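Notes for the structure review
Here is how the chains run, residue by residue.
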Amino acid sequence: PPRSTLFPYTTLFRSSLDLIGFGEPQHPGFVFGHNGTIAWGQTTFQVDMEDLYVYETNPRNPNEYRYRNAWQPFTIVREHIPVKGAGRREVTLKYSQHGPILHEDPSKQRAYAVRAGWLEPGSATFLGSIGLNRARNWDEFSRELNRYRVPGNNVVYADSRGNVGLAPVGNAPRRPNWD
């Protein structure tokens, strides 16, 4: 089949982007590079993006957890996962209002959930790189940084006019009652 059928974004990128750089194969856009007008790169920015929640589960109904002195139901999702040589296997996934349940300990009536910035809507890993790759100046670049949510990085910038910049980005959970 034609290349654009196999890779629907190839034509879009070829017609609108002229880039040199690199990134990881599983992520869109270039993490480091230049487009003839600007150059950018990234280093790790240590932002705390995860919170672990420990819930008491209802001894009469393990599909409920205590939150604000009331029993709340977990959201339950059943998935079928193909297993080589064994057919499809059904798994049950549970979610609290704060995120997915990672572990349950029925003997202690506890469930553990993770809330993470990278699980929030719009937080696809490195998706913000695409907008950075298209930027032609600092104003466009800094606008795109507002869409760059994960991972937490220091993003460096330089342009052909001699301007340089650095901005940390990351999507940390809001913690109104925490330091």
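Cut-offs used in this document
- Residues numbered from 1 in each chain as written.
- Predicted model: local features only at pLDDT ≥ 70, side-chain atom pairs only at ≥ 80, totals over all residues.
- Heavy atoms only, no water.
- Phe/Tyr/Trp six-rings, centres within 6.5 Å; stacked < 30°, edge-to-face > 60°.
- Salt bridge = Lys/Arg side-chain N within 4 Å of Asp/Glu carboxyl O.
- Helix = DSSP H or I, 4+ residues; strand = E, 2+ residues; numbered from the N terminus.
- Buried < 20%, exposed > 50% of the residue type's maximum accessible area, 1.4 Å probe, protein only.
- Contact = heavy atoms within 4.5 Å.
- pLDDT = per-residue confidence, 0-100.

It is worth spelling out the packing of aromatic side chains at this point. Aromatic ring pairs are defined here through the distance separating the ring centres and the angle between the ring planes. Under the criterion given, the structure shown has seven aromatic pairs. An aromatic cluster of at least three residues, connected via ring pairs, comprises Y53, Y55, Y65 and F74.

Here the focus is the pattern of salt bridges. Tallying each qualifying case throughout the model produces three salt bridges. Between E104 and K94 there is a salt bridge, with the nearest N and O atoms lying 3.2 Å from each other. With E104 in strand β9 (residues 99–105) and K94 in strand β8 (residues 87–96), the pair connects residues that are ten residues apart, well separated along the chain.

Moving on, we come to the environment of F32. Tracing the chain through its elements places F32 in strand β2 (residues 32–34). Assessed through its relative accessible area of 29%, F32 is described here as partly exposed. As for F32 and F22, which are separated by ten residues in sequence, their C-alpha atoms are 5.6 Å apart. Those residues within four positions of F32 in sequence are excluded, and the remaining contacts are I20, G21, F22, W40, G41 and Q42.

Attention now moves to the confidence of the model for the chain. Detailed reading of the predicted coordinates is not advisable wherever pLDDT is low. For the chain, the mean per-residue pLDDT works out to 84, and 90% of the residues sit at or above 70. The least confident element of the chain is helix α1 (residues 3–6), whose mean pLDDT is 42; the most confident is strand β6 (residues 70–73), at 98. Segment residues 1–15: pLDDT under 50, and seven contacts once partners within four positions in sequence are set aside and those in other chains are kept.

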